[in-house]
Amino acid sequence: QVQLVESGGGLVQAGGSLRLACSASGRTPSTYTTGWFRQAPGKEREFVAAITRSGDRKDYVDSVKGRFTVSTDNAKNTVYLQMNSLKPEDTAVYYCVAAWYRSQITSINGWEYWGQGTQVTVSS
């Protein structure tokens with residue numbers, strides 16, 4: 001029983017930056033892995049990034065490598081997604097996700113808990 005709440009979304013011009021935050025409550029100290037998915041209008045929900053609780057391993061979808069950085073602040077029960085050099089194709093609803101164990105991270109079936117989503121819009 002984990003609750004996730006995203007924040008930090010908004011409207012930004014191409015080339016700009018945003019930092020998303022996800023605050024967790026409930027049995028969050030037991031979660032092993034957290035991450036982010038996104039869903040653009042008319043598109044399938046896709047994996048964006050994942051990070052272990054210790055921060056020793058990070059994974060990214062190829063399209064965001066070098067531009068996005070995922071990090072955690074366990075004292076605050078928060079995971080972040082720093083997004084730089086944003087492109088119009090990054091426009092989507094971004095979802096925070098969490099799981100007890102790392103498994104099938106690029107699949108929606110690999111995650112047990114989902115936030116409500118936060119809108120990111122990148123204008124050209």
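Here is a short report on the structure shown in this document. For clarity, every value in this text was computed on a predicted model and none was experimentally measured.

1. Some remarks on the overall build of the protein
Now for step 1: If you tally the helices and strands in the protein, you get 0 helices and 11 strands.
Now for step 2: In terms of C-alpha radius of gyration, the protein reaches 13 Å, essentially the compact-globule figure of 14 Å for 124 residues.
Now for step 3: With the principal axes as the frame, the protein shows a C-alpha extent of 40 × 25 × 25 Å.
Now for step 4: When each of the 124 residues of the protein is scored for burial, the buried share is 44%.
Now for step 5: Here the contacts in the protein between residues at least 6 apart in sequence split such that 58% fall between residues at least 24 apart.
Now for step 6: In the form shown here, the protein has an accessible surface area of approximately 6400 Å², with 45% of it arising from carbon and sulfur atoms.
Now for step 7: For the protein, the distance from the average site of its 13 positive side-chain charges to the average site of its 10 negative ones is 3 Å.

2. Section: the environment of tryptophan 36
Now for step 1: Examined against the element boundaries, tryptophan 36 turns out to sit in strand 4 (residues 33-39).
Now for step 2: Accessibility expressed as a relative area gives 0% for tryptophan 36, which makes it buried.

3. Structural notes on the pattern of salt bridges
Any two side chains of opposite charge can pair, given that their charged atoms come close.
Now for step 1: Here the structure, examined in full by the defined rule, presents 6 salt bridges.
Now for step 2: Across the pair arginine 102 and aspartate 59 runs a salt bridge whose closest N-O atoms are separated by 2.9 Å. Pair noted here: arginine 102 is in the loop between strand 9 (92-99) and strand 10 (113-114) and aspartate 59 is in strand 6 (residues 58-60), with a separation of 43 residues, a long-range link.
Now for step 3: Taking the relative accessible area as the measure of exposure, arginine 102 reaches 25% and is therefore partly exposed.
Now for step 4: Of the charged contacts in the structure, one is a salt bridge between aspartate 62 and lysine 65, with a shortest N-O distance of 2.9 Å.

4. Focus: the side chain of threonine 91
Now for step 1: Of note, threonine 91 is situated in the loop between strand 8 (78-83) and strand 9.
Now for step 2: Polar contacts involving the side chain of threonine 91 include one to the main-chain carbonyl oxygen of proline 88, which spans 2.9 Å.
Now for step 3: Of the polar contacts made by the side chain of threonine 91, one reaches the backbone nitrogen of valine 122; its length is 2.9 Å.
Now for step 4: Setting aside residues no more than four positions away along its own chain, threonine 91 makes contact with Ala40, Gln119, Val120, Thr121 and Val122.

Here is what the cut-offs are and how they apply
Residues numbered from 1 in each chain as written. Predicted model: local features only at pLDDT ≥ 70, side-chain atom pairs only at ≥ 80, totals over all residues. Heavy atoms only, no water. Helix = DSSP H or I, 4+ residues; strand = E, 2+ residues; numbered from the N terminus. Rg over C-alpha atoms; globule rule 2.2 N^0.38 Å. Buried < 20%, exposed > 50% of the residue type's maximum accessible area, 1.4 Å probe, protein only. Contact = heavy atoms within 4.5 Å. Areas by Shrake-Rupley, 256 points an atom, 1.4 Å probe, with all protein chains shown as cover. Lys, Arg positive; Asp, Glu negative; His and termini not counted. Charge placed at Lys NZ, Arg CZ, Asp CG, Glu CD. Salt bridge = Lys/Arg side-chain N within 4 Å of Asp/Glu carboxyl O. Polar contact = N/O pair within 3.5 Å; in protein donor to acceptor, adjacent residues only side chain to side chain.

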